[in-house]
Protein chains: 2
Amino acid sequence: MAMNGLTSMKRYQIAKVYRRDNPSKGRYREFYQCDFDIAGPYARMQPDSEVIKIMTELLDKLNIGEYEVKLNHRKLLDGMLEICGVPPEKFRTICSSVDKLDKQSFDQIRKEMVEEKGLTPEMADGIGEFVKKRGRPLELLSELQQKGSKFLENEGSVQALNDLEILFKALDKAKCIDKVVFDLSLARGLDYYTGVIYEAVFKGLTQVGSIAAGGRYDDLIGMFGSKPVPAVGVSLGIERVFAIMEQNQKDQNQTIRATETQVLVGFLGEDLPLGTELVNEFWEANVKAELMLNKRVMKHIDHAKDSRIPYMVLVGERELSEGVVKLKDIEAAKEEVIPRTQMVEEVKKRLLTIREATL
Amino acid sequence: MAMNGLTSMKRYQIAKVYRRDNPSKGRYREFYQCDFDIAGPYARMQPDSEVIKIMTELLDKLNIGEYEVKLNHRKLLDGMLEICGVPPEKFRTICSSVDKLDKQSFDQIRKEMVEEKGLTPEMADGIGEFVKKRGRPLELLSELQQKGSKFLENEGSVQALNDLEILFKALDKAKCIDKVVFDLSLARGLDYYTGVIYEAVFKGLTQVGSIAAGGRYDDLIGMFGSKPVPAVGVSLGIERVFAIMEQNQKDQNQTIRATETQVLVGFLGEDLPLGTELVNEFWEANVKAELMLNKRVMKHIDHAKDSRIPYMVLVGERELSEGVVKLKDIEAAKEEVIPRTQMVEEVKKRLLTIREATL
């Protein structure tokens, strides 16, 4: 971060990442991820608020269905364990038990915590009371801040509650608080989180699980440099988003268009320069056009149908000599003969109609 | 290629690539590259023509200055060596000598070919006559196709000349032939090329050398599969393009804008929710806005200047209570007080004026 005189940055990346672990079925050590991170000094909770706002903007724009953002604070989790009497050296392992609550019942977790991880039944039940709590952010927060709340006696928890108060009020003003659920059972597996943590869960298909997640990691960057750099970020699993999109399209009996091509220039012959002259007229007019050279009309029609290209311009020797082209509307299976000089204009006119119809 | 039922594809990629070689100074084994490739069966020379058209479109749109596309054909090179009496096993090593002609004189190359690589002086001088030839594609081509041309007696060369005739006529129709120079000295270092080869050279700064290059590689994909897949592609070295852009901007005394931010919301205080409410009004109106919380006016102004953000909205306690904001035009150093309710609209109006002025 200190390189090139930078002290802070907001950055995104869409790229392959690599994880040295044993991934579960259908997951890989190499996968695509979309990251957004803010690093460096900013006003208290501002980066956290902006990262969460951007995550909700992204998920809204993807338009893949209902989702919720589960949110918690690492220091509140630690405070909760402290209050329950869990020894500090067991915090991380107990967190990873709590983290399984989205897949297992509390009874299973309780058994693990008591029988395998050596908590007393009282400690486990104390944790059980806390992790039940989930609700609308500002409401649950004010409950936890009320006189008599055990969190008020715990220094780290008080700091976390103050963080969350600023954050929730900012998210309210950023008009995305409705997507957020304050959930005391959210733990997140990774060790490096130091503050707010969150996970976006798609509500349509439970098997997909979380599609975006992140949190504050103030100590991670400093490990690789000379001074600490506070940071907060979110990662979106783009392959899961694609899986949801594909499923949604299947559910609606839609096939996925593999290309954006708007018009197929079907040249009935082998003359590349003549075909190029035609397709280049579309390219110059910024129409997405593909040239295909083939003597058989059906080859052109099949290709347009397979690729779901909406329009086709068919040109053979006769059309060339008569100065016309055949303009086909593939879906409507309609054909007209139009002057070649009006070819681009006519296709553009029709594309505009499609666009208006979809808007 | 046979995977997923695909028999052909047009694809692009902007990504890191890795090369297992010893790169020269300032180059690395890992770098970013923009690739476009067409693989599979298509009409003769169609993919070659489309890849070159796209390369010129790309370089034109980047608007980084004058360039030319040097172009040759591997089979014409081989034919030339055959005609000069070079033994086939020396074709590749002689090609790599010829490839140095953009950096060394022919006398140096001649010495290398004769003294190190064992050609006779007559062979070397024969090559020297050929590699001098460069010119406008259709003109030089028709010269090489004229009665008496040595190429007409060489089978591979005739095939190459026929390829080039189709290609040049198509590029002429695609209106990019003016960028192409047919250059018999272009050899390209890589072994896998089998047909047309090309290299785009930026004419402004000689030290940058080629910024995009490619060719036909019909035998490469088949090496990894069960059947041959003809293919042709181009790679653009995006880091070199950035180097040229930076130099151009320096030459024009411009600094590079690191962000696209259109307006800085400078909040004179620490209240994140209030600041968020302001910046979110811009976000909702699709204005690229950044929020900064700081009590000191100069911090905001310095940040806007450093990041070359054109407009700033300054809001403190007084402005909040009076329902106004200070709107600053950073470059013009002008300030007006406007009602907060008109804040977004006023900034949008000014941004439109900027845009019109730059168009």
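This one's a predicted model, so the numbers in the text were calculated from it and none came from an experiment. (Residues numbered from 1 in each chain as written. Chains lettered and ligands numbered in written order. Predicted model: local features only at pLDDT ≥ 70, side-chain atom pairs only at ≥ 80, totals over all residues. Heavy atoms only, no water.)

Participant: Would you explain the side chain of S185 of chain A in this entry?
Facilitator: Residue and element names in this part refer to chain A. Of note, S185 is situated in the loop between β5 (180–183) and β6 (196–202). Residue S185 is classed as buried on the basis of its relative accessible area of 15%. A distance of 2.7 Å separates the side chain of S185 from the side chain of D183, its partner in a polar contact. Once you skip the residues sitting within four places of it in the chain, S185 turns out to touch N72, V98, L101 and V131. (Helix = DSSP H or I, 4+ residues; strand = E, 2+ residues; numbered from the N terminus. Buried < 20%, exposed > 50% of the residue type's maximum accessible area, 1.4 Å probe, protein only. Polar contact = N/O pair within 3.5 Å; in protein donor to acceptor, adjacent residues only side chain to side chain. Contact = heavy atoms within 4.5 Å.)

Participant: Looking at this model, I keep getting lost on the interface of chain A and chain B. Mind explaining?
Facilitator: Interfaces are frequently sized by the accessible area removed from exposure as the parts join. Chain A puts 25 residues into the contact, and the matching count from chain B is 25 residues. Approximately 2100 Å² of surface area, both sides summed, lies buried where chain A meets chain B, with 63% of it carried by carbon and sulfur atoms. The three residues of chain A that bury the most area against chain B are K173, L272 and P273 of chain A, which together make up 25% of that side's buried surface. Close ionic contact of K173 of chain B with E277 of chain A constitutes a salt bridge, the shortest N to O distance being 3.5 Å. Applying the counting criterion to the chain A and chain B interface returns eight residue pairs in polar contact (both at pLDDT 80 or more). Contributions of two or more residues to the side of chain A that touches chain B are made by α1 (46–62), α7 (155–173), α9 (272–284) and β10 (289–293) of chain A. When residues of the side of chain A that touches chain B are assigned to their parent elements, the largest contribution, seven residues, is made by α9 of chain A. Counted by class, the side of chain A that touches chain B contains 11 nonpolar, four polar and 10 charged residues. (Buried area = accessible area lost by both parts, 1.4 Å probe. Salt bridge = Lys/Arg side-chain N within 4 Å of Asp/Glu carboxyl O. Nonpolar A, V, L, I, M, F, W, Y, C, P; charged D, E, K, R; others polar.)

Participant: Looking at this structure, how should I read the environment of L291 of chain A?
Facilitator: Considering the arrangement of structural elements, one finds L291 of chain A in strand β10. A C-alpha to C-alpha distance of 8.8 Å links L291 of chain A and V263 of chain A, two positions 28 residues apart in sequence. In contact with L291 of chain A, not counting residues within four places along its chain, are V265, F267, L272, G275, T276 and V279 of chain A together with Q46 and E50 of chain B.

Participant: Would you explain the relation of the copies chain A and chain B in this entry?
Facilitator: Rotating chain A by 180° and translating it 0.0 Å along the rotation axis places it on chain B, where the RMSD comes to 0.1 Å. Such a combination of rotation and displacement between the chain copies is what one expects of a two-fold axis. Minimal C-alpha distance to the rotation axis in chain A is attained by A15 of chain A, lying at 4.1 Å. With an isologous cut-off of 70% or more, the 100% of interface residues of chain A that recur at the interface of chain B puts this contact in the isologous class. (Least-squares fit on C-alpha atoms with pLDDT ≥ 70 in both.)

Participant: Where do I start with a nonpolar patch on the surface in this structure?
Facilitator: Among the surface-exposed residues, Y12, I14 and Y32 of chain A lie close enough to one another that they form a single nonpolar patch of about 390 Å² accessible area. Tracing the backbone through its elements, the reader meets Y12 of chain A in strand β1 (residues 9–18). (Patch = residues over 30% accessible without salt bridge, like charges linked within 9 Å, V, L, I, M, F, W, Y side chains within 5 Å. Areas by Shrake-Rupley, 256 points an atom, 1.4 Å probe, with all protein chains shown as cover.)

Participant: Sorry, what's going on with the packing of α9 of chain A against helix α1 (residues 46–62) of chain B here?
Facilitator: How two helices sit against one another is set out by the angle between their axes and by the gap between those axes. Packing of α9 of chain A against α1 of chain B brings their axes to within 11 Å, and their N-to-C directions diverge by 35°. Note on packing geometry: the crossing formed by α9 of chain A with α1 of chain B is right-handed. Only Q46, S49, E50 and K53 of chain B of α1 of chain B make contact with α9 of chain A, whose side of the interface consists of L272, T276, N280 and W283 of chain A. Here the contact of α9 of chain A with α1 of chain B is built from residues that sort into two nonpolar, four polar and two charged. (Axes fitted to C-alpha atoms, helices over the stretch in contact; angles between N-to-C directions. Left-handed = near helix turned anticlockwise from the far one by under 90°.)

Participant: Even after reading the chapter, I still don't get the domain arrangement of chain A, so can you show me in this structure?
Facilitator: Segmentation of chain A into domains returns domain 1 (3–251) and domain 2 (263–358). The C-alpha centroid of domain 2 of chain A is placed 52 Å from the C-alpha centroid of domain 1 of chain A. (Domains from an automatic or database assignment.)

Participant: For this particular structure, what's the right way to read the packing of aromatic side chains?
Facilitator: For any pair of aromatic rings, geometry is given as the distance between the ring centres together with the angle between the planes. Within this structure, the stated rule accounts for eight aromatic pairs over all chains. A ring pair is formed by Y192 of chain A and Y217 of chain A, whose centres lie 6.1 Å apart and whose planes are at 70°; its orientation type is edge-to-face. Here Y192 of chain A, found in the loop between β5 and β6, pairs with Y217 of chain A, found in the loop between β7 (210–216) and β8 (231–236); they are 25 residues apart in sequence, far enough to count as distant. Residue classification places Y217 of chain A among the buried positions, given a relative accessible area of 13%. With a centroid separation of 5.0 Å and an interplanar angle of 45°, the aromatic rings of F130 of chain B and F151 of chain B are classed as tilted. Of the two residues, F130 of chain B sits in helix α5 (residues 121–131) while F151 of chain B sits in the loop between α6 (137–145) and α7 (155–173), which places them 21 residues apart along the sequence. An identical accessibility class is assigned to F130 of chain B and F151 of chain B; each is buried. An aromatic cluster is built from Y192, Y193 and Y217 of chain A, whose rings are joined through pairwise contacts. (Phe/Tyr/Trp six-rings, centres within 6.5 Å; stacked < 30°, edge-to-face > 60°.)

Participant: Can you walk me through the sheet that holds strand β7 (residues 210–216) of chain B in this structure?
Facilitator: Either a parallel or an antiparallel arrangement is found when strands of a sheet pair, and the pairing is made through backbone hydrogen bonds. Residues and elements named next belong to chain B. Pairing is mixed in the open sheet, where eight strands are placed in the order β1-β2-β8-β7-β6-β3-β5-β4. In this open sheet, the two edge strands, each paired with only one partner strand, are β1 (9–18) and β4 (134–135). With respect to the sheet, α6 is in contact with β4 and β5 (180–183), its orientation differing from that of β5 by roughly 25°. Contacts between helix α8 (residues 238–251) and the sheet are confined to β2 (30–39), β6 (196–202), β7 and β8 (231–236), with β2 contributing the most and set at about 115° to the helix. (Pairing = 2+ DSSP bridges.)

Participant: For this particular structure, what's the right way to read helix α2 (residues 74–83) of chain B?
Facilitator: Since the α-helix advances by 3.6 residues per turn, residues separated by three or four positions end up pointing in the same direction. Taken across its 10 residues, α2 of chain B has seven buried, putting it largely inside the fold. Every buried residue belonging to α2 of chain B is among R74, L76, L77, D78, G79, M80 and L81 of chain B, and all of these are buried.

Participant: What is the right way to read the UniProt feature "binding site: L-histidine" (unreviewed entry) in chain A from this model?
Facilitator: Residue and element names in this part refer to chain A. Here, UniProt's "binding site: L-histidine" (unreviewed entry) annotation points to R19, Q33, D37, R188, Y192 and Y193. Sequence-distant contacts of Y192, that is, excluding residues within four places in its chain, are made with R216, Y217 and L220. Within the secondary structure, Y193 sits in the loop between β5 and β6. In contact with Y193, not counting residues within four places along its chain, are R74, R188, G214, G215 and R216. (UniProt positions renumbered as here; feature names shortened; annotations may be inferred.)

Participant: What should I look at first to understand the side chain of H73 of chain B in this one?
Facilitator: Residues and elements named next belong to chain B. By the element assignment, H73 lies in strand β3 (residues 67–73). A polar contact of 2.9 Å, which involves the side chain of H73, links it to the side chain of D163. Aside from chain neighbours lying at most four places away, what touches H73 is A160, D163, L164, T194, G195, V196 and I197.

Participant: I'm lost on the pairing of β7 of chain A in this one. Help?
Facilitator: Both faces of the sheet carry side chains from a regular strand, because those side chains alternate between them. Residue and element names in this part refer to chain A. Summarising burial for β7: six of the seven residues are buried, a large majority. Across five bridges, β7 lies against β8 in antiparallel orientation. Counterpart to A213 in the pairing with β8 is S235.

Participant: Help me out: how do you make sense of the sheet that holds strand β10 (residues 289–293) of chain B in this one?
Facilitator: Residue and element names in this part refer to chain B. Strand order in this open sheet of five strands is β10-β9-β11-β12-β13, and the pairing throughout is mixed. Looking along the sheet, the strands with just one partner apiece sit at the ends: β10 and β13 (334–339). Strand-to-strand twist across the sheet, computed as the mean angle between neighbouring axes with direction ignored, equals 25°. Contacting β9 (263–267), β10 and β11 (311–315), helix α9 (residues 272–284) runs over the sheet at an angle of about 165° to β10.

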